[in-house]
Amino acid sequence: MKKKFVLSVAIILIVVAACVSLVGCTSSTPTDFMSKWFSAEKKTFCTYKEDGSETISTEYIFDGSIIKMTNVRTIVDEEGNKSTSTSIKIIEKSGKTVNTYYGNQEEENEMQWAVEVTEYATEKDVPKQVKTFYESLSERNYQYVTIVSFEKKDFENNFTKKDDWYRANNPLIYEFYGIKIDKEALLIKDDVDSDVAFNAKYVIGCDTISIPAEAKKALDDYKESISNN
């Protein structure tokens, strides 16, 4: 009986320890989460915007030395017809070379790929398209800078949690933003009561980026054209 009791206590302690470790992994404030997000080598940032009959979804994936941006734009006309266009940019750093793949697709047509190859000597000479990519990301983050930089006390004093979403105690100051934090993601709504899943989402971790065969072929064709000149 004593052995069974000791074993039961041990099991309970293991379960409690596991629960505590999981809670410890969940950030308590946006600032805490974002510090982990920025330091993560693999991460994702998504935005969603509705503007009348147009919706725009953008996803940035950071997978080590490869970055991918996907932009999906959908428009619905007055008759309810939907048209969708997709653009993709993949930036691949390999040694002192940066391969930039550009993909564009209209409706159900095949995606068309083009490629640009740039070499650089030092990190300060990293090609313009890489810097522009990060500048674009910074601009998209700018509107959320205030609410992702709260210190713990300020956040607790200005936001209250309801139905898993933190909402501003005073919407006149922080508008109607909603914030949701879990272990791997931070979600933001421009209007906490809206039906959208999110307007911005930061995720620690990402899907592995694979370069499509058609994009690789565009790179091979590019290299061949250069060698023939």
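Trainee: What should I look at first to understand the overall build of the protein in this one?
Mentor: Summing up its helical and strand segments, the protein has six helices and 11 strands in all. Classification of the 229 residues of the protein by burial places 34% in the buried group. Pairs at least 24 residues apart make up 42% of the contacts formed inside the protein by residues separated by at least 6 positions. For the protein, the exposed area adds up to about 14,500 Å²; of that, 53% sits on carbon and sulfur atoms.

Trainee: Please clarify how the pairing of strand β5 (residues 97-106) should be interpreted in this entry.
Mentor: The two faces of a sheet get side chains in turn, since along a regular strand they alternate between them. Alignment of strand β4 (residues 82-94) against β5, held across 10 bridges, turns out to be antiparallel. Note on β5: the bridge partner recorded for Ser94 is Thr97. Adjacent in sequence and paired antiparallel, β4 and β5 are bridged by two residues, among which Gly95 carries a positive phi angle near 65 degrees. The loop that links β5 with its antiparallel partner strand β6 (residues 112-119) comprises five residues; one of these, Glu107, has a positive phi angle of about 55 degrees.

Trainee: Where do I start with helix α2 (residues 30-39) in this structure?
Mentor: Spacing of three or four residues puts side chains on the same side of an α-helix, whose turn is 3.6 residues. Those residues of α2 that sit buried are Pro30, Phe33, Met34 and Trp37. In an axial view of α2, the angular spread of the buried residues amounts to 95 degrees, which keeps them on one side of the axis. Where α2 is buried, its residues touch β1 (42-51), β2 (54-63), α4 (152-158), β9 (178-181), β10 (185-189) and β11 (200-204).

Trainee: Hey, could you run me through the packing of aromatic side chains in this one?
Mentor: Centre distance and the angle of the planes are the two values used to describe a pair of aromatic rings. What the rule picks out here adds up to seven aromatic pairs. Look at Trp37 and Phe62: their rings are 6.3 Å apart centre to centre, the planes differ by 85 degrees, and that puts the pair in the edge-to-face class. Of this pair, Trp37 sits in helix α2 while Phe62 is found in strand β2, placing the two residues 25 residues apart along the sequence. On the accessibility criterion, Phe62 (5% relative accessible area) is buried. An aromatic cluster of at least three residues, connected via ring pairs, comprises Trp37, Phe38, Phe45, Tyr60, Phe62 and Tyr202. Lying across the ring of Trp165, Lys189 places its NZ or CZ 4.8 Å from the centre.

Trainee: Honestly, unusual backbone geometry in this entry has me stumped. Any pointers?
Mentor: Note: most peptide bonds trans; most residues except glycine with negative phi. Although it is not a glycine, Asp163 adopts a positive phi angle of roughly 55 degrees. Looking at where Asp163 falls in the secondary structure, it is placed in the loop between β7 (159-162) and β8 (165-168). A positive phi is found at Asp164, a non-glycine position, where the angle reads about 75 degrees. In this structure, Asp164 sits in the loop between β7 and β8. The exposure class assigned to Asp164 is partly exposed, which follows from its relative accessible area of 47%.

Trainee: Explain the sheet that holds β5 here, please?
Mentor: Neighbouring strands of a sheet are bound in pairs by backbone hydrogen bonds; such pairs are parallel or else antiparallel. Spatial strand order, β6-β5-β4-β3-β2-β1-β11-β10-β9-β8-β7: 11 strands in an open sheet with antiparallel pairing. The sheet is open, and its two borders are formed by β6 and β7, each paired with just one other strand. Each strand axis lies, on average, 15 degrees off the axis of its neighbour in the sheet, ignoring direction. Alignment of β9 against β10, held across four bridges, turns out to be antiparallel. Across the sheet, the residue bridging to Gly178 is Lys189, located in β10. Where α2 meets the sheet, it contacts β1, β2, β9, β10 and β11, and its direction lies at approximately 60 degrees from that of β11.

Rules used throughout
Residues numbered from 1 in each chain as written. Predicted model: local features only at pLDDT ≥ 70, side-chain atom pairs only at ≥ 80, totals over all residues. Heavy atoms only, no water. Helix = DSSP H or I, 4+ residues; strand = E, 2+ residues; numbered from the N terminus. Buried < 20%, exposed > 50% of the residue type's maximum accessible area, 1.4 Å probe, protein only. Contact = heavy atoms within 4.5 Å. Areas by Shrake-Rupley, 256 points an atom, 1.4 Å probe, with all protein chains shown as cover. Pairing = 2+ DSSP bridges. Arc of directions from axis to C-beta. Phe/Tyr/Trp six-rings, centres within 6.5 Å; stacked < 30°, edge-to-face > 60°. Lys NZ or Arg CZ within 6 Å of the ring centre and 35° of its normal. Axes fitted to C-alpha atoms, helices over the stretch in contact; angles between N-to-C directions.

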